[in-house]
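Examining the three-dimensional arrangement
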Amino acid sequence: MVGFISGLSSVPKRGGAVRTNVAGERTERMQRVEEKKKARRDISHVRVPAFDKTLRDLELGQLKRNRVSTLQINIGLTCNQACSHCHVESSPSSKETMPKIVADRLVKLTQAENDISTVDITGGAPEMHQQFRPLVLKFREMGLNVIDRCNLTILEQIPDAANFLAENQVKVVASLPCYTSDNVEAQRGDGVFDSSIAGLQQLNSLGYGIPGSGLELDLVYNPGGAFLPPEQARLEEDYRRELKRAFGIQFTSLITIANMPIKRFADDLRRSNKLEEYLNLLLSKFNPSTVDKVMCVNQIHVAWDGQLYDCDFNYALEMPVRMPSGQSSEERPEFLPNGMTVFDIEKWSDLENMRVRTAKHCYACTAGTGSSCGGALTD
């Protein structure tokens, strides 16, 4: 059984000058490796225009946040899997997890607003983190819709997780990049498909995905390579037919999400010499009608350490919401980073009308029928 991850990620203290020097050298070496990796993954040099320039050229204006109706929380990076398409690079070795002081602040800010309608909890595997259940209970007490972004395999490792979700009427959005074993395991690892099917069957047995149950179960598809998702409604029909025929599985809806050319997927693109080709594909499929529907205009993303981002992709790229000049709170804990955090605002509406930070990866959200954490943006 997987245990809960609690507290802040930390480095154990070591005694003695020699050990301290060795540890310091190791840390510096790791930092250099990370800097090289970040430089290798940088897509700013790819020969496509800046996203903001495309918006200006088409007279679409700047992206700005409207009313914040969705609070998305990355509760931590610890996960029981290490998927090839994961843009936050979660894994079993990741120790980052949300401390109670940040979780409490999220509750306080949300209690001060009545605009938030949905809380979308992601990770890592959210169920592995100590603050997951307290946050679910608090937000459900407020009458908010709560989403758990579940990888399905975690349900075998935390036996009471599915019952907890059902008892609290948490919507489950589950990753299943295909209805066949080969495609799923190519992205997510050996044995993952059978475990995912078992998780779906367990959720179905509790009423998830069954019409009239009130328990929603959405599945998430993302492409297995450098191409865009097929038409969402048509693919949903295929999923329904094949999962019902082979496993008796039912679900509520299918969500299609385009692969972001960042982190692990950027590495795959570079290795296969397809990075520039993929960026140009996204540009060629740019759809102006998706721009006012992208998720960042009505959402704020909160990282495990309390820092604010326009979306989880900006979080992956370390592009936080910029702090207005001179603004900072005395309540701000010392461990927090320098960007804008949950301790620098008094209510979520403080973030309205702020400009959204963009870069070339944003083309993935506006290509074809568009892409967001809720699926396609247009028909």
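Residues numbered from 1 in each chain as written. Predicted model: local features only at pLDDT ≥ 70, side-chain atom pairs only at ≥ 80, totals over all residues. Heavy atoms only, no water.

A separate point is the overall build of the protein. Regarding its fold elements, the protein presents 12 helices and 8 strands. Going through the 379 residues of the protein one by one, you find that 54% of them count as buried. For the protein, restricting intrachain contacts to residue pairs at least 6 apart in sequence, the fraction spanning at least 24 positions comes to 75%. Here the protein has roughly 17,500 Å² of accessible surface; of this, 48% comes from carbon and sulfur atoms. (Helix = DSSP H or I, 4+ residues; strand = E, 2+ residues; numbered from the N terminus. Buried < 20%, exposed > 50% of the residue type's maximum accessible area, 1.4 Å probe, protein only. Contact = heavy atoms within 4.5 Å. Areas by Shrake-Rupley, 256 points an atom, 1.4 Å probe, with all protein chains shown as cover.)

Let us look at the sheet that holds strand 2 (residues 118-122). Pairing in this open sheet of 8 strands is mixed, and the strands run 6-5-4-3-2-1-7-8 from one edge to the other. The sheet is open, and its two edges are formed by strand 6 (253-256) and strand 8 (308-309), each paired on a single side. One ladder, built from 2 bridges, connects strand 7 (residues 299-302) with strand 8; its direction is antiparallel. Each residue of the ladder has a partner; that of H301, found in strand 8, is Y309. In the packing of helix 4 (residues 132-141) onto the sheet, contacts are made with strand 1 (70-74), strand 2 and strand 3 (145-150), and the angle to strand 3 comes to roughly 155°. (Pairing = 2+ DSSP bridges. Axes fitted to C-alpha atoms, helices over the stretch in contact; angles between N-to-C directions.)

Regular strands place their side chains on alternate faces of the sheet. Of the strand pairs in this sheet, strand 5 (residues 217-221) and strand 6 are connected by 4 bridges, and their pairing is parallel. Bridge pairing in strand 6 links Y221 to T256. Taking the sense of rotation as the criterion, the β-α-β connection linking strand 5, helix 9 (residues 232-247) and strand 6 turns out right-handed. (Right-handed = clockwise from strand over helix to strand, strands pointing away.)

The computed volume of the second largest pocket comes to approximately 250 Å³. What lines the second largest pocket is a set of 19 residues, among which D120, I147, R149, C373 and G374 lie closest to the centre. (1 Å grid on protein atoms, 1.4 Å probe; cavity = no way out; pocket = protein on both sides within 12 Å on 5 of 7 lines; lining within 4 Å. Points joined across faces, edges and corners; volume = space filled by probe spheres on them.)

Our next topic: the side chain of T118. Looking at the secondary structure, you find T118 in strand 2. Residue classification places T118 among the buried residues on the basis of a relative accessible area of 15%. Aside from chain neighbours lying at most four places away, what touches T118 is S69, T70, L71, N145 and I147.

Time to look at the packing of aromatic side chains. Considering all chains together, one arrives at 8 aromatic pairs under this definition. Ring geometry for F51 and Y363: centres 5.1 Å apart, planes at 75°, overall edge-to-face. Here the residue F51 occupies a position in helix 2 (residues 51-57), and Y363 occupies one in the segment after helix 12 (312-316), the gap between them amounting to 312 residues. A relative accessible area of 0% places Y363 in the buried class. Plain terms: the ring middles of Y309 and Y315 are 5.2 Å apart, the flat faces sit at 65° to each other, and that makes the pair edge-to-face. Neither Y309 nor Y315 differs from the other in exposure class; each is buried. Linked through ring pairs, F51, F286 and Y363 together constitute an aromatic cluster. Lying across the ring of F251, R240 places its NZ or CZ 4.4 Å from the centre. (Phe/Tyr/Trp six-rings, centres within 6.5 Å; stacked < 30°, edge-to-face > 60°. Lys NZ or Arg CZ within 6 Å of the ring centre and 35° of its normal.)

Before going further, it helps to spend a moment on helix 9. The end-to-end C-alpha separation of helix 9 is 21 Å, in line with the 22 Å expected for 16 residues at 1.5 Å each. Within helix 9, the full set of buried residues consists of Q232, L235, E236, D238, Y239, E242 and L243. One face of helix 9 carries all of its buried residues, which in axial projection span an arc of 160°. Seen from the buried face of helix 9, the exposed residues on the opposite side, beyond 90 degrees, are E237 and R245. Buried residues along helix 9 sit in contact with helix 8 (192-205), strand 5 and strand 6. The N-capping residue of helix 9, defined by a side-chain oxygen 3.0 Å from the backbone nitrogen of A233, is E231. Positive phi shows up at G248, right after helix 9, with a value of about 70°. (Expected span 1.5 Å × (residues − 1). Arc of directions from axis to C-beta. Polar contact = N/O pair within 3.5 Å; in protein donor to acceptor, adjacent residues only side chain to side chain.)

Turning our eyes to something else, we now look at the environment of M323. Of note, M323 is situated in the segment after helix 12. Along the chain, M323 and T341 lie 18 residues apart, while their C-alpha atoms are 8.5 Å from each other.

So, on to unusual backbone geometry. At the junction of G123 and G124, the peptide bond is cis and its omega measures out at 20° in the coordinates. Within the secondary structure layout, G124 lies in the loop between strand 2 and helix 4. At K263, a residue that is not glycine, the phi angle is positive and equals roughly 50°. Within the fold, K263 resides in helix 10 (residues 263-271).

Here we take up the side chain of D267. Note on placement: D267 falls in helix 10. Filtering out sequence-adjacent residues up to four positions away, D267 remains in contact with R40 and R41.

What the rule picks out here adds up to 17 salt bridges. Residues E236 and R240 are paired through a salt bridge, measuring 3.0 Å at the closest nitrogen-oxygen approach. Placement of the pair is E236 and R240 together in helix 9, with a separation of 4 residues, close to one helical turn. What makes E236 buried here is its relative accessible area of 19%. Connected through salt bridges with shared partners, the residues D238, R241, E242 and R245 form a single ionic network. (Salt bridge = Lys/Arg side-chain N within 4 Å of Asp/Glu carboxyl O.)

Bringing the packing of helix 3 (residues 100-111) against helix 4 into the picture now. As a packed pair, helix 3 and helix 4 sit with axes 10 Å apart at the nearest point and diverge in direction by 10°. Between helix 3 and helix 4, the interaxial angle falls into the category roughly parallel. Mapping the contact onto sequence places A103, L106, V107 and T110 in helix 3 and L135, K138 and F139 in helix 4. Broken down by class, the residue content of the contact of helix 3 with helix 4 amounts to 5 nonpolar, 1 polar and 1 charged. (Parallel < 35°, antiparallel > 145°, perpendicular 65-115°, else oblique. Nonpolar A, V, L, I, M, F, W, Y, C, P; charged D, E, K, R; others polar.)

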